[in-house]
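# Summary of the model geometry
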2 protein chains.
Amino acid sequence: MRAALSERSGRRRRSDVPEATVARLPVYLRALHVLADGGSSTVSSEALAAAAGVGSAKLRKDLSYLGSYGTRGVGYDVAELVLHVSAALGLGRRWPVVLVGVGNLGHALAGYGGFDERGFCVVGLFDVDPARVGERVGEQVVRHLDELDDVVHSARASIGVITTPASAAQDVCDRLVAAGITSVLNFAPALLQVPAGVDVRKVDLSNELQILSFHEHRKAARALTGVPA
Amino acid sequence: MRAALSERSGRRRRSDVPEATVARLPVYLRALHVLADGGSSTVSSEALAAAAGVGSAKLRKDLSYLGSYGTRGVGYDVAELVLHVSAALGLGRRWPVVLVGVGNLGHALAGYGGFDERGFCVVGLFDVDPARVGERVGEQVVRHLDELDDVVHSARASIGVITTPASAAQDVCDRLVAAGITSVLNFAPALLQVPAGVDVRKVDLSNELQILSFHEHRKAARALTGVPA
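Below, the structure is looked at part by part. (Residues numbered from 1 in each chain as written. Chains lettered and ligands numbered in written order. Predicted model: local features only at pLDDT ≥ 70, side-chain atom pairs only at ≥ 80, totals over all residues. Heavy atoms only, no water.)

### A short note on the overall build of chain A
- A tally of regular secondary structure across chain A gives 10 helices and 10 strands.
- Of all 229 residues assigned to chain A, the portion counted as buried reaches 53%.
- Put simply, of all contacts in chain A between residues at least 6 apart along the chain, 57% involve residues at least 24 apart.
- Of the roughly 10,000 Å² that chain A leaves accessible, carbon and sulfur atoms contribute 53%. (Helix = DSSP H or I, 4+ residues; strand = E, 2+ residues; numbered from the N terminus. Buried < 20%, exposed > 50% of the residue type's maximum accessible area, 1.4 Å probe, protein only. Contact = heavy atoms within 4.5 Å. Areas by Shrake-Rupley, 256 points an atom, 1.4 Å probe, with all protein chains shown as cover.)

This is how it looks when you write it as structure tokens:
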């Protein structure tokens, strides 16, 4: 329970923008990029909300936290809003990222083009398996976890990604935090305990499948009762 | 735009349980399993909400959609609620899943223990690269995409996972839908267009990093202004 509570307090500490709003900002940003690429200079809140898959009232509320209110009858200036949302997301700079656990998922993430183009630069790959240390992955060579502190300090990294087995995740998390990492993206199926001031985002890939099975289950039930889907 | 709208209409078609509630059910289920493993037979809405990292009013509302209201002064029966939430998520059965695109991420997902233990069984791995077709991955041998229809039909699979490059994703999605897949989990950085009745969940791994960079950005701003984090 303490682990879950720590994760939560890590998220709720900052007061000004609700976490659910923060989680939608990357979605708005992507929709805005699509609009900009398509030549739109302004967009109504309804159109932007539809493109992002949320209700327009929620979109307006979310953007109001950033101080973006749009203009009645005109909507939002696309280029201006891209800058606003990008600035809020801290995307004006490059974020050095370290990754621990270079199995299949670690390999996949190290080579994930989406990170680099969104401003995240993998500056260190770490493992403890002698068979993996020294392996070249993209532009990096896998290092032993004992080198973590040096790399975090010299690259001034503050974001760490954990792609280890569950059993190693808490220990790795502790080492990341001790090295100075203050934001952790956790792919291991384990709840992590972190001190105040450290943010953890947990990615559980099977959650997404469970959401789909919810819908499949409903579809099957509807098919049996003859209610159209 | 049309792709985004299709994805959205796919999500909003079913009316009874809000999508945001569905997305929280797997989180509640995991918290309940932790409570049950720890020997708890009942749990208050406040404690369950804290374990899941949501507000208790939201938790009660979410569970009310499933017809679970708890008992005043007692809370929820843990074992009963596990059954309720599992049933809503369609977890009473095993879901056959096919996966297309056996690169690093496909390998990682094919070997992801979390799927199997949550009731998702990978029944087919597909690629078009001759270097990958025939490769053994866990208990599966990678097949050519041309065999997709046969496998989907014989295994009665309704869930498909796309881990191809973005450029191939729409074509693969069309083939999955043509084969009879009605729920798609998309890891490719592409918005997919699907007919009504097909659900798409898009996983964008860099979204999570953007949420962390938001917080890092705030921490840095607070450090500069001397406001405690």
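### Some thoughts on the relation of the copies chain A and chain B
- If you rotate chain A by 180° and push it 0.0 Å along the axis, it lands on chain B with an RMSD of 0.0 Å. Accordingly, the operation relating the two chain copies is best matched by a two-fold axis.
- When the interface residues of chain A are mapped onto chain B, 100% of them are again interface residues, pointing to one common binding face. (Least-squares fit on C-alpha atoms with pLDDT ≥ 70 in both.)

### Examining the pattern of salt bridges
- By the definition in use, this model includes 16 salt bridges over all chains.
- In this structure, Asp199(A) engages Lys219(B) in a salt bridge whose closest nitrogen and oxygen atoms are separated by 2.9 Å. Of the two residues, Asp199(A) is situated in strand S10 (residues 199-202) and Lys219(B) in helix H10 (residues 205-225); the pairing between them involves two chains. Just as Asp199(A) is buried, Lys219(B) falls in that class too.
- Asp62(B) is the salt-bridge partner of Arg24(B), the closest N and O atoms lying 2.6 Å from each other. Here Asp62(B) lies in helix H4 (residues 56-65) and Arg24(B) lies in helix H2 (residues 19-37), a separation of 38 residues in the sequence. Here Arg24(B) matches Asp62(B) in class, with each residue buried. (Salt bridge = Lys/Arg side-chain N within 4 Å of Asp/Glu carboxyl O.)

### Some words on the sheet that holds strand S8 (residues 159-162) of chain B
All names here are of chain B.
- Reading across from one edge, S7-S4-S3-S8-S9-S10 is the order of the six strands in this open sheet, with parallel pairing throughout. Looking along the sheet, the strands with just one partner apiece sit at the ends: strand S7 (143-144) and strand S10 (199-202).
- By the bridge criterion, four bridges tie strand S9 (residues 183-186) to S10 in an arrangement that is parallel. Pairing of Ser183 across the sheet is with Asp199, part of S10.
- Sheet strands in contact with helix H9 (residues 166-179) are strand S3 (95-100), S8 and S9, and its direction is about 165° off that of S8. (Pairing = 2+ DSSP bridges. Axes fitted to C-alpha atoms, helices over the stretch in contact; angles between N-to-C directions.)

### Digging into helix H4 (residues 56-65) of chain A
Residue and element names in this part refer to chain A.
- Here H4 has its buried residues at Leu59, Asp62 and Leu63. Angular distribution of buried residues about the axis of H4 spans 95°; they occupy a single face of the element. Looking at H4, the residues exposed on the side facing more than 90 degrees away from the buried face are Ala57 and Lys61.
- Contacts made by the buried residues of H4 are with helix H2 (19-37), helix H3 (45-52), strand S2 (76-77) and helix H5 (78-88).
- Just past H4, the residue Gly67 takes up positive phi, approximately 85°. (Arc of directions from axis to C-beta.)

### Things to note about the interface of chain A and chain B
- On the side of chain B, 72 residues touch chain A, which itself brings 71 residues to the contact.
- Each partner contributes to the roughly 6,800 Å² buried at the junction of chain A and chain B, and carbon and sulfur atoms together form 63% of this total.
- It is helix H10 (residues 205-225) of chain A that provides the largest number of residues to the side of chain A that touches chain B, a total of 16 residues.
- In terms of residue class, the side of chain A that touches chain B is made up of 39 nonpolar, 16 polar and 16 charged. (Buried area = accessible area lost by both parts, 1.4 Å probe. Nonpolar A, V, L, I, M, F, W, Y, C, P; charged D, E, K, R; others polar.)

### Overview of the sheet that holds strand S7 (residues 143-144) of chain A
- Taken in spatial order, the six strands line up as S7-S4-S3-S8-S9-S10 (chain A) in an open sheet, and their pairing is parallel. Whereas interior strands pair on both sides, the edge strands pair on one side only; in this sheet they are S7 and S10 of chain A.

### A few points about the packing of H2(A) against H5(A)
Residues and elements named next belong to chain A.
- Two elements in contact, H2 and H5, have axes whose closest approach is 10 Å; the angle formed by their N-to-C orientations is 150°. By the angle class used here, H2 and H5 are roughly antiparallel. Every pair of crossing elements has a handedness; the one defined by H2 and H5 is left-handed. Contact residues: Leu25, Leu29, Leu32, His33, Leu35 and Ala36 in H2; Val78, Leu81, Val82, Val85, Ser86 and Ala88 in H5.
- Taken together, the residues that form the contact of H2 with H5 break down as 10 nonpolar, two polar and no charged. (Parallel < 35°, antiparallel > 145°, perpendicular 65-115°, else oblique. Left-handed = near helix turned anticlockwise from the far one by under 90°.)

### Regarding the side chain of Arg24(B)
- Look at Arg24(B) and you get buried, because its relative accessible area is 19%.
- Apart from the residues within four sequence positions on either side, Arg24(B) is in contact with Val54(B), Lys58(B) and Asp62(B).

### Digging into the environment of Gly134(B)
Residue and element names in this part refer to chain B.
- Tracing the backbone through its elements, the reader meets Gly134 in the loop between strand S4 (120-127) and strand S5 (136-137).
- In this structure the C-alpha to C-alpha distance between Gly134 and His144, which are 10 residues apart in sequence, comes to 8.2 Å.
- Ignoring any residue separated from it by four or fewer positions in sequence, one finds Gly134 in contact with Val141 and Val142.

Interpretation in functional terms is not warranted from these geometric data alone.
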